[in-house]
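Remarks on the overall topology
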Amino acid sequence: MGFEWLALAAAFLWAIASLLSVKPSHHLGSFAYSRWRMGCTSVILSSMALYTGGWATVEVSSISAMMLSGLIGIFIGDTALFACLNRMGPRQAGLLFSCHAVFSAVLGYFLFSEHMTTMEFIGSSLVFSGVVMAIFFGRRGQSNNVLETVKGNIWIGVALGLTAALCQALGGIIAKPIMQTSIDPVAASAIRMITAFIAHFALLLTGVKVAKATQRMNWEIFSITAVNGLLAMAVGMTLILYALQEGNVGMVALLSSTTPIMLLPILWLYTKQRPNFYAWLGAIVAVAGTAILVS
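Owing to the predicted nature of the structure, the values given are computational and were not obtained by experimental measurement.

Reading the values: the criteria
- Residues numbered from 1 in each chain as written.
- Predicted model: local features only at pLDDT ≥ 70, side-chain atom pairs only at ≥ 80, totals over all residues.
- Heavy atoms only, no water.
- Helix = DSSP H or I, 4+ residues; strand = E, 2+ residues; numbered from the N terminus.
- Buried < 20%, exposed > 50% of the residue type's maximum accessible area, 1.4 Å probe, protein only.
- Contact = heavy atoms within 4.5 Å.
- Areas by Shrake-Rupley, 256 points an atom, 1.4 Å probe, with all protein chains shown as cover.
- Lys, Arg positive; Asp, Glu negative; His and termini not counted.
- Charge placed at Lys NZ, Arg CZ, Asp CG, Glu CD.
- Axes fitted to C-alpha atoms, helices over the stretch in contact; angles between N-to-C directions.
- Left-handed = near helix turned anticlockwise from the far one by under 90°.
- Nonpolar A, V, L, I, M, F, W, Y, C, P; charged D, E, K, R; others polar.
- Core = buried A, V, L, I, M, F, W, Y, C linked by side-chain atoms within 4.5 Å.
- pLDDT = per-residue confidence, 0-100.
- Disulfide = S-S within 2.5 Å.

Assigned secondary structure in the protein consists of twelve helices and zero strands. Counting from the amino terminus, the protein carries its helices and strands in the arrangement α-α-α-α-α-α-α-α-α-α-α-α. Projected onto its principal axes, the C-alpha positions of the protein cover 50 × 50 × 30 Å. Here the protein, with 295 residues, has 54% of them falling under the buried criterion. Here the analysis covers contacts within the protein between residues at least 6 apart in sequence; of these, 91% occur between residues at least 24 apart. A total of about 13,000 Å² of accessible surface is found on the protein, and carbon and sulfur atoms cover 72% of it. Between the averaged position of the 15 positive side-chain charges in the protein and that of its 9 negative side-chain charges there is a distance of 20 Å.

Have a look at this one:
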């Protein structure tokens, strides 16, 4: 399987996970939810790496870079994303988060001298345009949809979403050189996740109010959180690291940013409200661009 399909598979898992995140994120709060999610995922990834022997591929020299990647991309980035999701809902948060593709492409160009062919540029432009169209204009006619309601100051939500996107891009940029070595992607994901979890736990120990759960954990919320962590982080982020072994940062980020498009039919099934014309038009444009990229 080429890196393009790996990135698209990750985007699909993230679409499912974003919807699964709505209930536990509101129940626990963005910081507490992120902490529990990262804790569950750390156990899953560590066990997988132990079973497959992936820990043996980790060199001491690569640990610090992967820890920094986890600190920025997961601890800060994921927490900001869920804070944005709580304010703006999964679809609109998806628009802002998809900007990580632009950040990644720009950073990849300056740091790794990555370039796109003419067809890749056309495909990339279609994908990004489709994502923006589907999410930005897709809100029209959805005023009765609780998942579309903006809570609080919209600009705080925008700032949180863009922060999440920038941190995701920086996390991928930092991980890229390490992923081109012989390191096992599962073990690399485990290092990133454990680092993020330790940072969250340390924040909780400081006693700051924002790190505390707004409501008590229960078995239903824990089950959803564990499944979410398995799909989005244990499998999804590991697929991204596999993709980074073969593809350039910008292309991987762009294909993985199609999550908002994949979220449209899932939201339709969940809310029973059909996305509007602009949402579907954007989806068609994005799919056309994706077809060019993976062909």
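Where helix 5 (residues 100-112) contacts helix 7 (residues 154-179), the axes come no closer than 8 Å and their chain directions differ by 35 degrees. With respect to the hand of their crossing, helix 5 and helix 7 are arranged in right-handed fashion. Between helix 5 and helix 7, the residues in contact are His 100, Phe 103, Ser 104, Leu 107, Gly 108, Leu 111 and Phe 112 and Leu 162, Ala 165, Leu 166, Gln 168, Ala 169, Leu 170, Ile 173, Lys 176 and Pro 177, respectively. Residues belonging to the contact of helix 5 with helix 7 are distributed by class as follows: eleven nonpolar, four polar and one charged.

The biggest cluster of nonpolar side chains holds 42 residues, and the ones touching the most others in it are Met 66, Met 179, Leu 244 and Val 252. For this core, the secondary structure elements donating two or more residues are helix 1 (3-20), helix 3 (30-52), helix 4 (60-97), helix 7, helix 8 (185-205), helix 9 (219-246) and helix 10 (249-256). The leading source of residues in this core is helix 9, at nine residues. Look past the residues within four positions of Val 252 in its chain and what remains in contact with it is Phe 3, Ala 7, Ile 240, Ala 243, Leu 244 and Gly 247.

In this model, the protein carries a mean pLDDT of 85, and residues with pLDDT of at least 70 account for 94%. Element-level pLDDT for the protein is lowest in helix 5, with a mean of 74, against a maximum mean of 94 in helix 8.

Looking now at the environment of Ile 183. Its place among the elements puts Ile 183 in the loop between helix 7 and helix 8. What makes Ile 183 buried here is its relative accessible area of 2%. Spatially, the C-alpha atoms of Ile 183 and Cys 167 are 22 Å apart, while their sequence positions differ by 16 residues. In contact with Ile 183, other than residues within four places in its own chain, are Thr 57, Val 58, Ser 62, Ile 178, Ala 188 and Gln 245.

Further remarks concern the state of the cysteines. As enumerated under the stated definition, the model contains zero disulfides in all. Summary of cysteine pairing: Cys 167 is not part of a disulfide, and the nearest cysteine sulfur, belonging to Cys 84, is at 13 Å.

This paragraph deals with the side chain of Ser 25. By secondary structure assignment, the location of Ser 25 is in helix 2 (residues 22-28). Taking relative accessible area as the criterion, Ser 25 reaches 0% and is therefore assigned buried. Setting aside chain neighbours within four positions, we find Ser 25 in contact with Ser 30, Tyr 33, Phe 82 and Asn 86.

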